[in-house]
Amino acid sequence: MWKSKSSLPSDGLVKRRRILTLSVILAVIFITAFVRTYHEVTAQPVNSWSDDINVDCAVVLTGGSNRVREGLDLLARGQAKKLIISGVYRDATLREIYPLWPFYGDIREQDVALDRKSTTTYGNAQQSLPIVEAWGCRDVALITSHLHMYRAYRTFEESYPSQIQLVKYAVKSGRSEANFFEISTEVLKTMFYGLWAF
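Note that the coordinates shown come from a computational prediction; the quantities given were computed from them, not determined experimentally. (Residues numbered from 1 in each chain as written. Predicted model: local features only at pLDDT ≥ 70, side-chain atom pairs only at ≥ 80, totals over all residues. Heavy atoms only, no water.)

**Q** I tried to follow the packing of aromatic side chains on my own but got confused; where do I start?
**A** The geometry of an aromatic ring pair comes down to the distance between the two centres and the angle between the two planes. Applying the stated criterion across every chain yields a total of nine aromatic pairs. Here the aromatic rings of Phe192 and Trp196 are separated by 6.0 Å at their centres, their planes lie at 65°, and the arrangement is edge-to-face. Of this pair, Phe192 and Trp196 both sit in helix α6 (residues 180-196), separated by four residues, roughly a single helical turn. Taking the relative accessible area as the measure of exposure, Trp196 reaches 44% and is therefore partly exposed. Judged by centre distance (5.3 Å) and plane angle (40°), the rings of Tyr193 and Trp196 are tilted. Taken together, the residues span about one helical turn, with Tyr193 and Trp196 both in helix α6 at a distance of three residues. Accessibility expressed as a relative area gives 7% for Tyr193, which makes it buried. Here the aromatic cluster, defined as three or more aromatic residues joined through ring pairs, consists of Phe30, Phe34, Tyr38 and Phe180. Its guanidinium or amino end placed over the ring of Tyr193, Arg151 lies 4.8 Å from that ring's centre, counting from NZ or CZ. The ring centre of Tyr153 lies 4.7 Å from the NZ or CZ of Lys168, which sits over that ring. (Phe/Tyr/Trp six-rings, centres within 6.5 Å; stacked < 30°, edge-to-face > 60°. Helix = DSSP H or I, 4+ residues; strand = E, 2+ residues; numbered from the N terminus. Buried < 20%, exposed > 50% of the residue type's maximum accessible area, 1.4 Å probe, protein only. Lys NZ or Arg CZ within 6 Å of the ring centre and 35° of its normal.)

What follows is the structure, given as structure tokens:
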């Protein structure tokens, strides 16, 4: 049956429906991606307490109190031959970063490199790679928190050549369990990195 022009939806109403439909589709896509990434981020266990590793180099990504200590422990035990601490302040010294340094005994300061240029996870990967290659490292332990590990590992995997083997060495994020806000922040960062870094 023929409808009068006045009974058809107006252009404004059609436009609003299209915007609403598009908004719902985008929201569903975002929520689906968030949930999937949430599971990927939280799936990484703390394995620094359980895994016995032996690597040429270790790269510590600064940002957590336990990370530098774990890197120095690997170096002290001979489980890593060289250590890169990536993302330190411009004028910081090793003794300022980790005051307990003198108690590590036989560690040679020339076996530790400080990357002072990095301010992001992507920067950590880009700035540590030339040092890793100069030292001739064939396998590299990546030391960061278990929540940061998924994004860090994917970023390093994309930045490093395939002949350099990356080994996950995840430490606890802090003294207490991460809350939903902290996890969600890491999830959003990971989703952003997924658009361009890996």
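**Q** Any chance you could explain the environment of Thr144 here in plain terms?
**A** Relative to the assigned elements, Thr144 resides in strand β4 (residues 139-145). A C-alpha to C-alpha distance of 19 Å links Thr144 and Phe181, two positions 37 residues apart in sequence. Setting aside residues up to four positions removed in sequence, Thr144 forms contacts with Leu61, Arg67, Met149, Ala152, Tyr169, Ala170 and Val171. Side chain to side chain, Thr144 and Arg67 meet in a polar contact 3.2 Å long. (Contact = heavy atoms within 4.5 Å. Polar contact = N/O pair within 3.5 Å; in protein donor to acceptor, adjacent residues only side chain to side chain.)

**Q** So what exactly am I meant to see when it comes to the sheet that holds β4 here?
**A** Through backbone hydrogen bonds, the strands of a sheet pair up, either in parallel or in antiparallel fashion. The sheet built from five strands is open, its strands ordered β3-β2-β1-β4-β5 with parallel pairing. Edge strands, defined here as strands with exactly one partner in the open sheet, are β3 (112-115) and β5 (165-171). Adjacent strand axes in the sheet meet at a mean angle of 20° when their direction is disregarded. Sheet contacts for helix α5 (residues 146-159): β1 (55-61), β4 and β5; angle to β4, the most-contacted strand, approximately 145°. (Pairing = 2+ DSSP bridges. Axes fitted to C-alpha atoms, helices over the stretch in contact; angles between N-to-C directions.)

Honestly, it's all geometry; don't read function into it.
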